[in-house]
Amino acid sequence: MMLASKQSHPLSPLMRKDIADFLENQQPILREGFERFGSPLHLLWPEALKDNLRSLRTVLNAQNVASKIYYGVKVNKSLGLMGAALGASGGLDVSSLYELQDALHLGAEGRDIVATGPAKTPAFHQALLACNALISIDSVEEFDDLLRQLPTEGGPHPVLLRLRPGNQGQSRFGMGLDDAIHCLKRLVDMPALRFEGVHFHLGGYSVETRVEALQEAADLIAIARGLGLSPRLIDIGGGLPARYVDHAAYVAFQEAQTAEDYRTHRLPQSFYPYGGPIDAVEWLRRLLSATMRDGRDVASYFAGENLTLAMEPGRALADQCAVTVLRITRVKALDARSAVIFVEGSSFSACETWFASEFLVDPILLSNQPKALAAAPLRAYLAGHSCLDDDVISNRWLDFPSAPQAGDFLAYVNTGGYQMDLMENQFHRHPMPTRLCVRRTADGLSELIPDQCEETQCSIHL
Ligand SMILES: *Cc1c(COP(=O)(O)O)cnc(C)c1O
């Protein structure tokens, strides 16, 4: 196992132990996976999602804050990850009819489901109402649409109002205070809907903007109670950070990098904070200990007001849940010092370059060559298998201590969050990449189970 990195400033991926073990020791199973399913392969560790969910819940429990953690399923298409969230007593945040259908197929019930997305169709509303899922109402217009869909019987149907906090400027998501109060007043005389509470979701990862938004949500809760409504929760959305590489290493890399580290001779303007100073657990601790206007900390506010803290992390729950492995097709020399590595797969399966940015994590070279054949060092960028000039997986030059060869694998760790399958497609009629769940067997080996079919079928076990 070898890292490809600018030797002086490596961006080694942080890795769960079972992922590191798998990449180190289970390469025959991986090779078999490539033979059966082609390249790239998306490997999934659903257990990691359970661990992430439980870690967040532990922080909340320790502060006596009642909570409901919904996994924001749009972050990844894996059914295994959705099932893991349910298996760890989490819920699912669905944003389309199709995500909802998958959730129900996996055994989720209405009380496990929230729909926070802004553009729900009549069919989606109807399906949400039919299973009594929690619906976050994004606007007065959606409120009116929902009322038109209400069945004459059943209910009351639980709803949230999505607030657009003051610090969100002209965001098209959620409603301003006046519209929210207008909806609250109508909800008072509406037995068919049950007002559960206030929801918001912010861009960015700062704790401070959440505390500001939470204060506005708390004010709205007080107004609702004054109107005779009895809300039970505040939903703080997602946006918890995930850490991909060590913080100090990341800072050192950022300070050292220049435009010449990229084949484009351009330094991307922005990056996801891959090596941020805090992880999701610390983020949540800081949120709970922040001070509200009345002097209480956030944890005491929730406990004292008898409110549940709901949230919908996507990326933070998918942290350490997936690895994308690409097979090298060809290493083509560009000049005496550098090369382009073509892989079987595309930048749609590692898509940061499409956002004018880069995935700042070094891939790991899994060589299929005998050790004795180790080649000279090589500097290369990574390109996909399409004829689009922009189909580049890494514009950043990668320094390999020993040149990769056709047939070797490159593994990108931690692609579960908006990375591996956000933009995947069948360009050139290449089949969609396969997702495989990795499971440890009783004899200490691993088996690969297709993410889409029953566990009893088609597992690879050597
Ligand atoms: C995308 C999204 C989330 C999840 O965001 P992450 O940054 O992945 O945690 C939660 N809520 C809403 C409304 C979203 O649109």
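Because the structure is predicted, anything quoted here is derived from the model rather than measured. (Residues numbered from 1 in each chain as written. Predicted model: local features only at pLDDT ≥ 70, side-chain atom pairs only at ≥ 80, totals over all residues. Heavy atoms only, no water.)

Trainee: How should I be thinking about the nonpolar core in this particular structure?
Mentor: Most often, soluble globular proteins have nonpolar side chains that are buried together. One finds Leu-43, Tyr-71, Leu-92, Val-94 and Ile-234 to be the most contacted residues of the largest nonpolar core, which totals 108 residues. Counting residues per element, this core draws most heavily on helix α9 (residues 207–226), which supplies 9 residues. Residue assignment places this core across two domains, with domain 1 (17–45 + 320–450) and domain 2 (46–243 + 278–317) each supplying three or more. (Core = buried A, V, L, I, M, F, W, Y, C linked by side-chain atoms within 4.5 Å. Buried < 20%, exposed > 50% of the residue type's maximum accessible area, 1.4 Å probe, protein only. Helix = DSSP H or I, 4+ residues; strand = E, 2+ residues; numbered from the N terminus. Domains from an automatic or database assignment.)

Trainee: Any chance you could explain the site of the ligand here in plain terms?
Mentor: The full set of residues close to the ligand is Lys-74, Asp-93, Thr-116, Arg-162, His-201, Gly-238, Gly-239, Glu-312, Pro-313, Gly-314, Arg-315 and Tyr-418. Separating a nitrogen atom of the ligand from a side-chain N or O atom of His-201 is a distance of 3.4 Å. One nitrogen or oxygen atom from the main chain of Arg-315 is found 2.9 Å from an oxygen atom belonging to the ligand. Protein contacts shield 86% of the accessible area of the ligand, which totals 390 Å² for the unbound molecule. Class assignment of the residues belonging to the shell around the ligand gives a composition of 2 nonpolar, 5 polar and 5 charged. (Near = heavy atom within 4 Å. Polar contact = N/O pair within 3.5 Å; in protein donor to acceptor, adjacent residues only side chain to side chain. Areas by Shrake-Rupley, 256 points an atom, 1.4 Å probe, with all protein chains shown as cover. Nonpolar A, V, L, I, M, F, W, Y, C, P; charged D, E, K, R; others polar.)

Trainee: Explanation requested: the UniProt feature "modified residue: N6-(pyridoxal phosphate)lysine" (unreviewed entry) in the chain in the structure shown.
Mentor: In the UniProt entry, the feature "modified residue: N6-(pyridoxal phosphate)lysine" (unreviewed entry) is given for Lys-74. Considering the arrangement of structural elements, one finds Lys-74 in the loop between β3 (67–72) and α4 (79–87). The contact partners of Lys-74, leaving out residues within four places of it in the chain, are Glu-99 and Tyr-418. (UniProt positions renumbered as here; feature names shortened; annotations may be inferred. Contact = heavy atoms within 4.5 Å.)

Trainee: Teacher, can you tell me more about the packing of aromatic side chains here?
Mentor: Two descriptors summarise a pair of aromatic rings, namely the distance from one centre to the other and the angle between the planes of the rings. For the structure shown, the criterion picks out 13 aromatic pairs. Consider the rings of Tyr-244 and Tyr-272, whose centres lie 5.6 Å apart with planes at 75°: the pair is edge-to-face. In this pair, Tyr-244 sits in the loop between β9 (233–235) and α10 (247–256) while Tyr-272 sits in the loop between α10 and α11 (280–289), placing the two residues 28 residues apart along the sequence. A ring pair is formed by Tyr-274 and Phe-359, whose centres lie 5.5 Å apart and whose planes are at 80°; its orientation type is edge-to-face. Taken as a pair, Tyr-274 in the loop between α10 and α11 and Phe-359 in the loop between β12 (338–344) and β13 (364–366) lie far apart in primary sequence, 85 residues in all. (Phe/Tyr/Trp six-rings, centres within 6.5 Å; stacked < 30°, edge-to-face > 60°.)

Trainee: Help me understand the packing of helix α1 (residues 17–25) against helix α2 (residues 27–37) in this model?
Mentor: With their axes 6 Å apart at the nearest point, α1 and α2 run at an angle of 80° to one another. Of the possible angle classes, the one that applies to α1 and α2 is roughly perpendicular. Every residue of α2 that contacts α1 at Phe-22, Leu-23, Glu-24 and Asn-25 is listed here: Gln-27, Pro-28 and Leu-30. Class assignment for the residues of the contact of α1 with α2 results in 4 nonpolar, 2 polar and 1 charged. (Axes fitted to C-alpha atoms, helices over the stretch in contact; angles between N-to-C directions. Parallel < 35°, antiparallel > 145°, perpendicular 65-115°, else oblique.)

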